[in-house]
Amino acid sequence: MADDTSSISAYTSAYTSGNINFTGLGNGTDFNSLIDGLVKAESAHLTQLQTWRATWDKKITAFQELNTSMLSLKTALEKMDTMNEFLTKNASSTNSTVLTATADSAAEEGTHKVEINQLAQNKIMATVTGYSAGSSVINSSGGDQILQYVYKGTTYNLTVPTGTTVDGLVNLINNQPANPGVKALAIFDGSNYYVQFRGMDLGVGASLTIGAGTTLTGFKTADWTTTQNNQNSQIRVDGWPTSGWISNAANSVSNVITGLTLNLKDSAPGSTVTLTVGTDLEAVKENVRTFVTQMNTVRAKIQELTKYDDLNKAGSLLTGNYGVDIVSQNLKNIVADKGVGFISYNTLGLTEDTYVSLGQIGISTDAQTGSATLGMLVLDEEKLDEALTNNPTAVAKLFSADDLGESKSSAFSYLSLVKGTTQPGEYQLKVKVKADGSGIESATINGHAAKISGAWEITGAAATPEAGLAIRLDSRTAGSTYDGMVTVKRGKTGELADELKDLTDKSDGPLAILQNNYKDIIKSIDSKIDYETTRLERYKTTLKNKYARLDSLLGYYDKLNSQLTSSIKQLSSSSSS
């Protein structure tokens, strides 16, 4: 019988080796499959952790998708959150070669007749002496010379070095470090070059003269001729003034007709150009449609993430998620609520606003069960058309009033506010006039003591919502007390954009806070996954070692069995012989 030492040695090395390979001698048993099955059964907790982690990952991805939709909505709203952006006015001219105009939201619909007597001009002069070439030397004195000029009342001395040419002087003037707004040019008449000198500003105040301190030969006061005098534009609007003219130091005039900028193109004394101002209602309607569409994009995304399957009694990934609920409810509240700073009641003689809610102009939420647009905003175009026909400015205010201050009481005038400090809203006023009628004795705004400025003006106190709000009392009966209201309006686009800014804040927004929480949860799960992975690797190693020993032992006994069988056969053969 063979020595068993070698067999035992082989058995030992089989399960202590770093790379365990089963021989399959153990009655044909597939130990690798057996170990894989045991490890898989033991991996149930790891699988649960991985599934759990994937769920949190999906939630974070969903938050990011919603956040992207909200930022897109914010961008769209910010493109229409001022009156000028939302309410498109236009102005047509009967003679666009003489006069055109641009209109902003403050322009009233109607017509205006404008007469242009003269355009605003700048001062232009040129040298009397011509030079044969731009390279002709103008200072050959052997030393520096001075070109002195007076522009808009200030004197400037330009040093002209010896050897300076015509082109060189032009460069000196144009490129002087503290150029006050003058330009020079070398002009050619076909035979000679002349230096043209001009002030770039228009109007009578933009005078340009050569100073007596000029020493440069050929460029002194008498060596120049004026080719164009500086002057103001002169216009007459709707026949006013009846004598004389409205004078401006520009050909773009925006201080004459409210909301209109007149662009003067040419003078036409004795004739008038008619401007017609109107509202581009279709452009306004397109803004409203964009508002509804963009709002619905976010609403649809929220519905997708939170929908509930009644048939299977199962929710979606973020059904009931309080962060998404905050976003959804806050945006819905703004759409449904009355506009900030808009009043719909008439007490104490207050002037109420024409439109205070989106429902009044045709925007509502579809609440019809089974509707394809359930939960979405819907637009009644006929109702919108009616509102725009009635009062387009009131519609624009509801959408895009940008901290618009208005007095709702005849006793008071709104003066100003500090944007970013004065908060939108309604402000109740109570002001008492001194017994001798010399000024205001006391005043409150929303119950807070107001600062009295001068005799008849009050200002909101610091650290209050009305801080920076300035109001004037116009009714001044001695000893009387006046109640009233001033409002600061914020349109729906601005209100929603402000809310979206908060909701999408990378630090304090509800979705950002939840994402950070979820990332912490994922980090904790990753630690558990790492622990389970290490534990399973050890478990698998233990099983391999265990079954390697068994496999080797079975192989040993199988070999021993073969030896015994062979020995028996040999004994049987010997006995029979």
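Residues numbered from 1 in each chain as written. Predicted model: local features only at pLDDT ≥ 70, side-chain atom pairs only at ≥ 80, totals over all residues. Heavy atoms only, no water.

Considering the overall build of the protein chain
No. 1: The number of helices and strands found in the protein chain is eleven helices and 28 strands.
No. 2: Taking 2.2 N^0.38 as the reference for a compact globule, 577 residues should give roughly 25 Å; the C-alpha atoms of the protein chain span a radius of gyration of 44 Å, well beyond that estimate.
No. 3: With respect to the three principal axes, the spread of C-alpha positions in the protein chain is 155 × 85 × 50 Å.
No. 4: For the protein chain, with 577 residues in total, the buried portion stands at 40%.
No. 5: Summing over all exposed atoms, the protein chain offers an accessible surface of approximately 29,300 Å²; the carbon and sulfur share of this is 49%.
No. 6: Computed over 49 positive and 60 negative side-chain charges, the inter-centroid distance for the protein chain is 4 Å. (Helix = DSSP H or I, 4+ residues; strand = E, 2+ residues; numbered from the N terminus. Rg over C-alpha atoms; globule rule 2.2 N^0.38 Å. Buried < 20%, exposed > 50% of the residue type's maximum accessible area, 1.4 Å probe, protein only. Areas by Shrake-Rupley, 256 points an atom, 1.4 Å probe, with all protein chains shown as cover. Lys, Arg positive; Asp, Glu negative; His and termini not counted. Charge placed at Lys NZ, Arg CZ, Asp CG, Glu CD.)

What to know about the environment of S316
No. 1: With respect to the secondary-structure elements, S316 resides in the loop between β17 (314–315) and α7 (322–336).
No. 2: For the pair S316 and T306, spaced ten residues apart in sequence, the C-alpha separation works out to 5.3 Å.
No. 3: In this view, S316 contacts E304, L305, T306 and K307; residues no more than four positions away in its chain are not counted.
No. 4: A polar contact is formed between the side chain of S316 and the backbone oxygen of K307, at a distance of 2.6 Å. (Contact = heavy atoms within 4.5 Å. Polar contact = N/O pair within 3.5 Å; in protein donor to acceptor, adjacent residues only side chain to side chain.)

A word on the sheet that holds strand β3 (residues 110–118)
No. 1: The strand order β1-β15-β3-β11-β12 describes an open sheet built from five strands, whose pairing is antiparallel. With one partner strand each, in any of the chains shown, β1 (89–93) and β12 (246–248) form the two edges of the open sheet. Strand after strand, the sheet turns through a mean of 30° between neighbouring axes, direction not considered.
No. 2: Here β3 pairs with strand β11 (residues 233–237) via four bridges, running antiparallel. Bridged to E115 within β11 is R236. (Pairing = 2+ DSSP bridges. Axes fitted to C-alpha atoms, helices over the stretch in contact; angles between N-to-C directions.)

Considering the environment of F63
No. 1: Tracing the backbone through its elements, the reader meets F63 in helix α3 (residues 44–78).
No. 2: When the C-alpha positions of F63 and G130 are compared, they lie 75 Å apart, and in sequence the two are 67 residues distant.
No. 3: In contact with F63, other than residues within four places in its own chain, are L318, N321, V324, L511, L514, Q515 and Y518.

A look at the sheet that holds strand β13 (residues 252–253)
No. 1: Sheet architecture is open: three strands sit in the order β2-β14-β13, paired in antiparallel fashion. Each end of this open sheet is capped by a strand with a single partner; those strands are β2 (99–103) and β13.

What to know about the pairing of strand β8 (residues 193–199)
No. 1: The element β8 is extensively covered by neighbouring structure, given that five of its seven residues are classed as buried.
No. 2: When strand β4 (residues 124–127) meets β8, the two strands line up antiparallel, connected through three bridges. Residue I124 lies in a different strand from β8, and its bridge partner there is R198.
No. 3: For strand β7 (residues 182–188) and β8, the ladder comprises seven bridges, and the chain directions are antiparallel. Paired with A184 across the two strands is F197, which belongs to β8.
No. 4: Hairpin connection, β7 to β8: the antiparallel pair is bridged by four residues, and G190 has positive phi, about 100°.

Some details on the packing of α3 against helix α6 (residues 281–306)
No. 1: In the contact formed by α3 and α6, the axes pass within 9 Å of each other and the chain directions differ by 170°. By the angle between their axes, α3 is roughly antiparallel relative to α6. When α3 is examined against α6, the residues A62, E65, L66, S69, M70, S72, L73, A76 and L77 are found in contact with a partner set consisting of F291, Q294, M295, V298, K301, I302 and L305.
No. 2: Considered class by class, the residues forming the contact of α3 with α6 number eleven nonpolar, three polar and two charged. (Parallel < 35°, antiparallel > 145°, perpendicular 65-115°, else oblique. Nonpolar A, V, L, I, M, F, W, Y, C, P; charged D, E, K, R; others polar.)

What about the packing of α7 against helix α10 (residues 492–503)?
No. 1: Interhelical geometry of α7 versus α10 gives an angle of 165° and a closest axis separation of 10 Å. Classified by the interaxial angle, the pair formed by α7 and α10 is roughly antiparallel. The crossing of α7 and α10 is right-handed. Residue-level contacts link I326, V327, N330, L331, I334 and V335 of α7 to K492, E495, L496, E499, L500 and L503 of α10.
No. 2: Residues belonging to the contact of α7 with α10 are distributed by class as follows: eight nonpolar, one polar and three charged. (Left-handed = near helix turned anticlockwise from the far one by under 90°.)

Structural notes on the nonpolar core
No. 1: Among the nonpolar cores identified, the biggest contains 55 residues, and F291, I361 and F399 are the most heavily contacted of them.
No. 2: Sorting the residues of this core by element identifies α3, α4 (83–86), α6, α7, α8 (381–390), α9 (392–400), α10 and α11 (510–576) as the ones contributing at least two each.
No. 3: Setting aside its immediate chain neighbours within four residues, I361 contacts Y355, D380, K383, L384, A387, V395, L398 and F399. (Core = buried A, V, L, I, M, F, W, Y, C linked by side-chain atoms within 4.5 Å.)

A short note on the pattern of salt bridges
No. 1: Applying the stated criterion across every chain yields a total of 29 salt bridges.
No. 2: D385 is paired through a salt bridge with K285; the nearest N and O atoms lie 2.8 Å apart. Taken together, the positions of D385 in helix α8 and K285 in helix α6 put the pair 100 residues apart, joining distant regions of the chain.
No. 3: When its relative accessible area of 12% is taken as the criterion, K285 is described as buried.
No. 4: For E495, the salt bridge goes to K492, with nearest N and O atoms at 3.8 Å. You can see E495 and its partner K492 sitting in helix α10, three residues apart, about one turn around the helix. (Salt bridge = Lys/Arg side-chain N within 4 Å of Asp/Glu carboxyl O.)

Here's the deal with the packing of aromatic side chains
No. 1: Summed over the entire model, instances satisfying the criterion amount to twelve aromatic pairs.
No. 2: Ring centres of F197 and W224 lie 5.9 Å apart, and the angle between their planes is 45°; on these two criteria the pair is classed as tilted. Of the two residues, F197 sits in strand β8 while W224 sits in strand β10 (residues 224–228), which places them 27 residues apart along the sequence.
No. 3: Taking the ring centre of Y518 as reference, the NZ or CZ of K59 above it sits at 5.8 Å. (Phe/Tyr/Trp six-rings, centres within 6.5 Å; stacked < 30°, edge-to-face > 60°. Lys NZ or Arg CZ within 6 Å of the ring centre and 35° of its normal.)

What to know about the confidence of the model for the protein chain
No. 1: Looking at the protein chain, the pLDDT average stands at 91 and 94% of residues meet or exceed 70.
No. 2: The model gives residues 1–19 a pLDDT under 50, and that stretch makes 21 contacts with residues more than four places away or in other chains.
No. 3: Contacts for the low-pLDDT stretch residues 22–26, under 50 throughout, to residues beyond four places or in other chains number 14 contacts. (pLDDT = per-residue confidence, 0-100.)

Remarks on α8
No. 1: Looking only at α8, the buried set comprises L384, A387 and L388. Angularly, the buried residues of α8 cover 95° about the axis, an arc narrow enough to put them on a single face. Set apart from the buried face of α8 by more than 90 degrees, the exposed residues are E382, E386, T389 and N390.
No. 2: Lining the buried residues of α8 we find α6, β19 (377–379) and α9.
No. 3: Regarding α8, its N-cap is D380, as a side-chain oxygen of that residue lies 3.1 Å from the backbone nitrogen of E382 further along. (Arc of directions from axis to C-beta.)

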